[in-house]
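These are the residues of each chain, in order.
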Amino acid sequence: MESLHYLLMKTHAMFSKKILSRVSKIGLTSGQPKILEFLLKYQEADQKTIAAYCEIEPATVGSILLRMEEGGLVTRRQKNGNRRSLYVSLTQRGREAALCLQDIFRDVESEATCGITAEEEEMLRKLLEKLSSTMQTHTEKGERKENSDEQK
């Protein structure tokens, strides 16, 4: 049997390839689907929050958002006079693209899980959530340790 890291990377690569192939047909580029999905779910957020949720560097999110704004998918505006943070939300065009993405994601997930039972799929979701949570906890602990070591 293959190692866990190999299976996770291979599955992620295949998922990404299938999704990017389909989203490119509706004019989206890499990085945009994650952001559209996030904004459809949360309506509005600042760039830092989007970057953290999507696991993308803030500077990268900035360039993706610029292209999305130029493409009419999102708007950025100041909120409550806060000139330091721009809040991002979907335009009508962005909302339509995000809804189309949901169909793409659903189709790819259905293809991927057609060989397992509903119970196995639910167990897979729970295990992946647990792995993700564990990785996040270890990442946060490592960052705190690095920051305390730097302060010494």
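See the structure above.
Keep in mind it's a predicted model, so treat the numbers as computed, not measured. (Residues numbered from 1 in each chain as written. Predicted model: local features only at pLDDT ≥ 70, side-chain atom pairs only at ≥ 80, totals over all residues. Heavy atoms only, no water.)

Visitor: For this particular structure, what's the right way to read the pattern of salt bridges?
Guide: Between side chains of opposite charge, pairing is possible as soon as their charged atoms come close. Under the counting rule described, the total for this entry stands at seven salt bridges. Here Glu 111 and Arg 22 are joined by a salt bridge, their closest N and O atoms 2.5 Å apart. With Glu 111 in helix α5 (residues 92-113) and Arg 22 in helix α1 (residues 4-24), this residue pair connects regions lying 89 residues apart in the sequence. Judged by relative accessible area, Arg 22 falls into the partly exposed class, the value being 24%. In this structure, Arg 76 engages Glu 69 in a salt bridge whose closest nitrogen and oxygen atoms are separated by 3.2 Å. Take Arg 76: its relative accessible area is 21%, and that puts it in the partly exposed class. Here the salt bridges do not stand alone but share partners, grouping Lys 18, Arg 22 and Glu 111 into one network. (Salt bridge = Lys/Arg side-chain N within 4 Å of Asp/Glu carboxyl O. Helix = DSSP H or I, 4+ residues; strand = E, 2+ residues; numbered from the N terminus. Buried < 20%, exposed > 50% of the residue type's maximum accessible area, 1.4 Å probe, protein only.)

Visitor: I keep staring at the side chain of Ser 89 and nothing clicks. Help me out?
Guide: If you trace the backbone, Ser 89 turns up in strand β3 (residues 82-90). Overall, Ser 89 belongs to the buried group, its relative accessible area being 16%. Setting aside chain neighbours within four positions, we find Ser 89 in contact with Leu 39, Gln 43, Glu 44, Leu 73, Val 74 and Thr 75. (Contact = heavy atoms within 4.5 Å.)

Visitor: Would you mind showing me how to read the packing of helix α2 (residues 32-42) against helix α3 (residues 47-54) here?
Guide: Packed helix pairs are specified by the crossing angle of their axes together with the interaxial distance, meaning the distance between the axes. Relative to each other, α2 and α3 sit at 115 degrees, their axes nearing to 10 Å. Considered as vectors, α2 and α3 are oriented roughly perpendicular to each other. Two packed elements cross with a definite hand, and for α2 against α3 that hand is right-handed. Facing α2, whose interface residues are Lys 34, Ile 35, Phe 38, Leu 39, Lys 41 and Tyr 42, α3 presents Thr 49, Ile 50, Tyr 53 and Cys 54. Grouping the constituent residues of the contact of α2 with α3 by class yields seven nonpolar, one polar and two charged. (Axes fitted to C-alpha atoms, helices over the stretch in contact; angles between N-to-C directions. Parallel < 35°, antiparallel > 145°, perpendicular 65-115°, else oblique. Left-handed = near helix turned anticlockwise from the far one by under 90°. Nonpolar A, V, L, I, M, F, W, Y, C, P; charged D, E, K, R; others polar.)

Visitor: Help me understand the side chain of Gln 32, please; the structure alone is not making it clear to me.
Guide: Topologically, Gln 32 is positioned in helix α2. Assessed through its relative accessible area of 5%, Gln 32 is described here as buried. Here Thr 29 takes part through its backbone nitrogen, which lies 3.0 Å from a polar atom of the side chain of Gln 32. Sequence-distant contacts of Gln 32, that is, excluding residues within four places in its chain, are made with Gly 27, Ile 64, Arg 67, Met 68 and Leu 73. (Polar contact = N/O pair within 3.5 Å; in protein donor to acceptor, adjacent residues only side chain to side chain.)

Visitor: Help me understand the packing of aromatic side chains in this model?
Guide: For any pair of aromatic rings, the description consists of the separation of the ring centres together with the inter-plane angle of the planes. Taken as a whole and judged by the stated rule, the model has three aromatic pairs. Look at Phe 38 and Tyr 53: their rings are 4.8 Å apart centre to centre, the planes differ by 50 degrees, and that puts the pair in the tilted class. Of this pair, Phe 38 sits in helix α2 while Tyr 53 sits in helix α3, placing them 15 residues apart in sequence. Take Phe 38: its relative accessible area is 4%, and that puts it in the buried class. Ring geometry for Tyr 42 against Tyr 53: centres 5.5 Å apart, planes inclined by 75 degrees, an arrangement best described as edge-to-face. One end of the pair, Tyr 42, is in helix α2; the other, Tyr 53, is in helix α3, with 11 residues separating them in the sequence. Among the aromatic side chains, those forming a connected cluster through ring pairs are Phe 38, Tyr 42 and Tyr 53. (Phe/Tyr/Trp six-rings, centres within 6.5 Å; stacked < 30°, edge-to-face > 60°.)

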